[in-house]
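Coordinates in review
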Amino acid sequence: MLEVLFEEIAEADSFYHILKKDSPTLKLIRRRGQGNKVSVYGESEDIEKELVAKACTKLFIQSKEPNYIQDILKKKFHYSNQEEIENITDITNAILEKDDLYYEEKIHQHQLRDTLMAIFLLHLNEEEIHYDSIIHFRLHHYVDELTELIGFAIDEFKREEDYQAYVHTLREFVRKREPIYEIIHVVQTNPLHFYRNNGSPIQKEELAKLKDNFPLYMLGLPEDEWFITPLIVLSPSKIYMYGDDPTEPHTHSIMNIFQERIEYLPFEYFPFQVEVE
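Below or above, wherever it landed, is the structure these notes cover. Predicted model, so just to flag it, every value in this text is computed and none were measured.

Some remarks on the overall build of the chain
On a plain count of helices and strands, the chain comes out with 11 helices and eight strands. Taken over the C-alpha trace, the chain has a radius of gyration of 28 Å; the compact-globule value for 277 residues is 19 Å, which it surpasses by more than 25%. Burial analysis of the chain (277 residues in total) assigns 43% to the buried set. Sequence-distant contacts, at least 24 apart, represent 65% of the contacts inside the chain between residues at least 6 apart. Within the structure as shown, the chain displays about 15,800 Å² of accessible surface, and the carbon and sulfur contribution to it stands at 50%. If you average the places of the 30 positive and of the 52 negative side-chain charges in the chain, the two averages end up 4 Å apart.

Here it is, written out as structure tokens:
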């Protein structure tokens, strides 16, 4: 049997409901006048400890971790702008939850959930467990790892800021530039294929000449880039793009730059014959 004590009755309530939902095999007792205490009975001591540690971890993530992240941002990294704090917190949560393949690949070594679970499990050696004492005095290693991860989230936030500023620059340039062709049809291949509104292909040689007469360096556009650069040079009033993956990175950037000017359609909607090189 384990008894888990909390400073706040509300957290004892949450802990009780987490265990009741996630671990129905456990017997849970709360006595009148002791609302901040939950008694846990399981089939064995090991089972009790594992399930209690899981519940403590889940409770901490739900009720404490968001405040830890924001406190670290304010005190360690000296952020004060609430919008920036919320944006970085969102990125941190995406990393922690690994709900993006990009983050999964970049930070697979960060296993804060496992660290947190291990800390709680390590300190469930007494029959009477003080949840808040563990949080106040035993989370140093977790906080160090969380701080490192938040630093990574800040780097991602800054990269996103730089990207958005760059996209805005290109967007304003396109908005003010006279289009070479009013309407362009684009087939999402690698590289992209470009067509006039009459169905005739815009050959790479023509695009190369246009690029040669265009100050790419002013916009930070590489000369050997054949996805975004041709469309910036052409600056059409309307783009019809045909393909199967609107989330592809180059396509995503093109859609961000041209916004309402671009319409993405399934490949089978392409009205012309595809040129085969």
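Notes on the packing of helix α8 (residues 140-176) against helix α11 (residues 249-258)
Interhelical geometry of α8 versus α11 gives an angle of 55 degrees and a closest axis separation of 8 Å. When the interaxial angle is binned, α8 and α11 end up oblique. Every pair of crossing elements has a handedness; the one defined by α8 and α11 is right-handed. The residues of α11 that touch α8, namely those facing Y163, V167, L170, R171 and V174, are H252, S253, N256, I257 and F258. The residue makeup of the contact of α8 with α11, split by class, is six nonpolar, three polar and one charged.

Quick notes on the pairing of strand β5 (residues 183-187)
Most of β5 sits inside the fold, with four of its five residues counted as buried. Where β5 and strand β7 (residues 238-243) come together, five bridges link them in parallel fashion. Bridge assignment links V187 to a residue of β7, and that residue is Y242. Bridge count between β5 and strand β6 (residues 193-195): three bridges; the pairing is antiparallel. By the bridge assignment, V186 is partnered in β6 with F194. Linking two consecutive strands that pair antiparallel, namely β5 and β6, is a turn of five residues.

Description of the packing of aromatic side chains
Evaluation of the coordinates by the stated rule reveals 10 aromatic pairs. Judged by centre distance (5.1 Å) and plane angle (50 degrees), the ring pair of F6 and F15 falls under tilted. Taking the relative accessible area as the measure of exposure, F6 reaches 3% and is therefore buried. By way of ring pairs, the aromatic residues F6, F15, F120 and Y131 are connected into one cluster. One Lys or Arg, R30, reaches over the ring of Y16 and ends 5.5 Å from the middle of that ring. Positioned above the aromatic ring of W226 is the side chain of K211, whose terminal nitrogen or guanidinium carbon lies 3.6 Å from the ring centre.

Description of the nonpolar core
Judged by nonpolar contacts, the single largest core of 48 residues is most densely connected at F15, F120 and Y131. In this view, F15 contacts V4, F6, V38, V40, V52, A55, C56 and L59; residues no more than four positions away in its chain are not counted. Within the second largest apolar cluster, 28 residues are counted, among which are V167, I184, F194 and L219.

Brief notes about α11
Along α11, the residues classified as buried are T251, S253, I254, I257 and F258. Taken end-on, α11 shows its buried residues confined to a sector of 160 degrees, consistent with a single buried face. Those residues of α11 that are buried lie in contact with α8, α10 (228-234), β7 and β8 (262-266). A positive phi of about 45 degrees marks Q259, the residue just after α11.

A closer look at the pattern of salt bridges
Counted according to the given criterion, the structure contains 12 salt bridges. Notably, a salt bridge pairs K54 with E50, separated by 3.6 Å at the nearest N-O pair. Of this pair, K54 and E50 both sit in helix α2 (residues 45-63), four residues apart, which is roughly one turn of the helix. Of the residues examined, K54 reaches a relative accessible area of 43% and is grouped as partly exposed. The exposure class of E50 is partly exposed, given its relative accessible area of 39%.

A few points about the packing of α2 against helix α6 (residues 112-122)
Remark: α2 packs on α6, axes separated minimally by 9 Å, with the N-to-C direction vectors making an angle of 125 degrees. It follows from the interaxial angle that α2 and α6 lie oblique. Remark: the crossing between α2 and α6 carries right-handed chirality. Facing K49, E50, A53, K54, C56, T57, F60 and I61 of α2, the residues of α6 in contact are R113, L116, M117, F120 and L121. The class makeup of the residues in the contact of α2 with α6 is eight nonpolar, one polar and four charged.

What counts and how
- Residues numbered from 1 in each chain as written.
- Predicted model: local features only at pLDDT ≥ 70, side-chain atom pairs only at ≥ 80, totals over all residues.
- Heavy atoms only, no water.
- Helix = DSSP H or I, 4+ residues; strand = E, 2+ residues; numbered from the N terminus.
- Rg over C-alpha atoms; globule rule 2.2 N^0.38 Å.
- Buried < 20%, exposed > 50% of the residue type's maximum accessible area, 1.4 Å probe, protein only.
- Contact = heavy atoms within 4.5 Å.
- Areas by Shrake-Rupley, 256 points an atom, 1.4 Å probe, with all protein chains shown as cover.
- Lys, Arg positive; Asp, Glu negative; His and termini not counted.
- Charge placed at Lys NZ, Arg CZ, Asp CG, Glu CD.
- Axes fitted to C-alpha atoms, helices over the stretch in contact; angles between N-to-C directions.
- Parallel < 35°, antiparallel > 145°, perpendicular 65-115°, else oblique.
- Left-handed = near helix turned anticlockwise from the far one by under 90°.
- Nonpolar A, V, L, I, M, F, W, Y, C, P; charged D, E, K, R; others polar.
- Pairing = 2+ DSSP bridges.
- Phe/Tyr/Trp six-rings, centres within 6.5 Å; stacked < 30°, edge-to-face > 60°.
- Lys NZ or Arg CZ within 6 Å of the ring centre and 35° of its normal.
- Core = buried A, V, L, I, M, F, W, Y, C linked by side-chain atoms within 4.5 Å.
- Arc of directions from axis to C-beta.
- Salt bridge = Lys/Arg side-chain N within 4 Å of Asp/Glu carboxyl O.

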